[in-house]
Amino acid sequence: MSVSTAVERKTSDANSAEIALTVNGRASHLDLDLRTSLLDALREHLHLTGTKKGCDHGQCGACTVLINGRRINSCLTLAVMHEGDDILTIEGLGSPSALHPLQAAFVDHDGFQCGYCTPGQICSAVGMLAEVKAGWPSHVTADVASPQVALTDGEIRERMSGNICRCAAYPNIVAAIREVAEGGRR
Ligand code: FES
Ligand code: FES
């Protein structure tokens, strides 16, 4: 073994560890480089490719997943930071035979074209509706003191503004989210 190879191996070992992640209710133990993003851990190591990589630096929202019920860009966080967390991806939200209400609403309203942004849009919408239910105001909320947020189209657009759709399916995405928010699907 050359000196340089030995040094590389030592460095690599020092940067790796076994990480325990719970994704969609299933516990996994992964031997990961500590610098692995949660997005890469999901896609490359757990083969959960429903979560998409668009920009890989927090600009597009395609990688959105839910951590303990809150939405997060998985490209911006390290897998090692989420041991013990409850990680939910699009694969855990519903199944083809039992769609989550938001998945069904996106289908009904044609809330996608190419579909690349869609898993992130749906995970983000799940987190967003929970934020509304908890009374969190947004940048466009008229009365931030009110415990009940009126979910106008403007509110939905603002709250979903971190999720880019290059196919511009925005009107249909808003319609799908509105239907679920108004109780059309539960
Ligand atoms: S891939 Fe994470 S925000 Fe774009
Ligand atoms: S459906 Fe194509 S990027 Fe949104």
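What counts, and where the lines are drawn
- Residues numbered from 1 in each chain as written.
- Chains lettered and ligands numbered in written order.
- Predicted model: local features only at pLDDT ≥ 70, side-chain atom pairs only at ≥ 80, totals over all residues.
- Pairing = 2+ DSSP bridges.
- Helix = DSSP H or I, 4+ residues; strand = E, 2+ residues; numbered from the N terminus.
- Axes fitted to C-alpha atoms, helices over the stretch in contact; angles between N-to-C directions.
- Contact = placed C-beta atoms within 7 Å.
- Core = buried A, V, L, I, M, F, W, Y, C linked by C-beta atoms within 7 Å.
- Buried ≥ 20, exposed ≤ 12 C-beta atoms within 10 Å, placed from the backbone.
- Domains from an automatic or database assignment.
- Nonpolar A, V, L, I, M, F, W, Y, C, P; charged D, E, K, R; others polar.
- Parallel < 35°, antiparallel > 145°, perpendicular 65-115°, else oblique.
- Left-handed = near helix turned anticlockwise from the far one by under 90°.

*Asks:* Mind showing me how you'd approach the sheet that holds strand E1 (residues 16–23) here?
*Replies:* Two orientations exist for strands paired in a sheet by backbone hydrogen bonds: parallel and antiparallel. Taken together, five strands build an open sheet; the order of strands is E2-E1-E5-E3-E4 and the sheet is mixed. Across the chains shown, the open sheet's two edge strands, defined by having one partner strand only, are strand E2 (26–33) and strand E4 (70–73). This sheet shows a mean twist of 40 degrees between the axes of neighbouring strands, independent of strand direction. As defined by bridge partners, E1 adjoins strand E5 (residues 86–88) across two bridges and the pair is classed as parallel. Each bridged residue has a counterpart across the sheet, and for Thr22 the counterpart in E5 is Asp86. Sitting on the sheet, helix H5 (residues 118–133) is in contact with strand E3 (64–67) and E4, with an inclination near 35 degrees to E3.

*Asks:* Which parts of the structure should I look at to understand the nonpolar core?
*Replies:* General note: in soluble globular proteins, nonpolar side chains tend to be found buried as a group. Of all hydrophobic cores here, the largest spans 40 residues; its most connected members are Ala41, Leu102, Ile122, Val126 and Ala176. Residue assignment for this core shows that the elements contributing at least two residues are E1, helix H2 (38–45), E3, E5, helix H3 (90–93), helix H4 (101–108), H5 and helix H7 (170–181). For this core, the element with the highest residue contribution is H5, accounting for six residues. Counting only domains with at least three residues in this core, you end up with domain 1 (3–92) and domain 2 (101–181). Contacts of Ala41, omitting those with residues within four sequence positions, involve Leu21, Leu30, Leu32, Thr36, Leu46 and Ala79.

*Asks:* Looking at this structure, I do not really get the pairing of E1. What am I missing?
*Replies:* Looking along a regular strand, one sees the side chains alternate between the two faces of the sheet. Bridge count for E1 against E2 is eight bridges, and the pairing is antiparallel. For Glu18, the partnering residue across the bridge sits in E2 and is Asp31. Taken together, E1 and the strand that follows it, E2, pair antiparallel across an intervening segment of two residues, in which Asn24 is found at a positive phi of about 55 degrees.

*Asks:* Which parts of the structure should I look at to understand the domain arrangement of the protein?
*Replies:* Frequently, the measure chosen for interface size is the accessible area removed from exposure when the parts meet. Domain annotation of the protein identifies domain 1 (3–92) and domain 2 (101–181). For the side of domain 1 that touches domain 2, the secondary-structure elements that each account for two or more residues are E3 and E4. Tallied by class, the residues present in the side of domain 1 that touches domain 2 amount to six nonpolar, five polar and three charged.

*Asks:* Help me understand the packing of H4 against H7, please; the structure alone is not making it clear to me.
*Replies:* The relative placement of two packed helices is expressed as an angle between their axes plus a distance between the axes. Relative orientation of the contacting elements H4 and H7 amounts to 135 degrees, with a least axis distance of 8 Å. When the axis of H4 is compared with that of H7, the two are oblique. The hand of the H4/H7 crossing is right-handed. Facing H4, whose interface residues are Pro101, Leu102, Ala105 and Phe106, H7 presents Ala176, Glu179 and Val180. Within the contact of H4 with H7, the residues separate by chemical class into six nonpolar, no polar and one charged.

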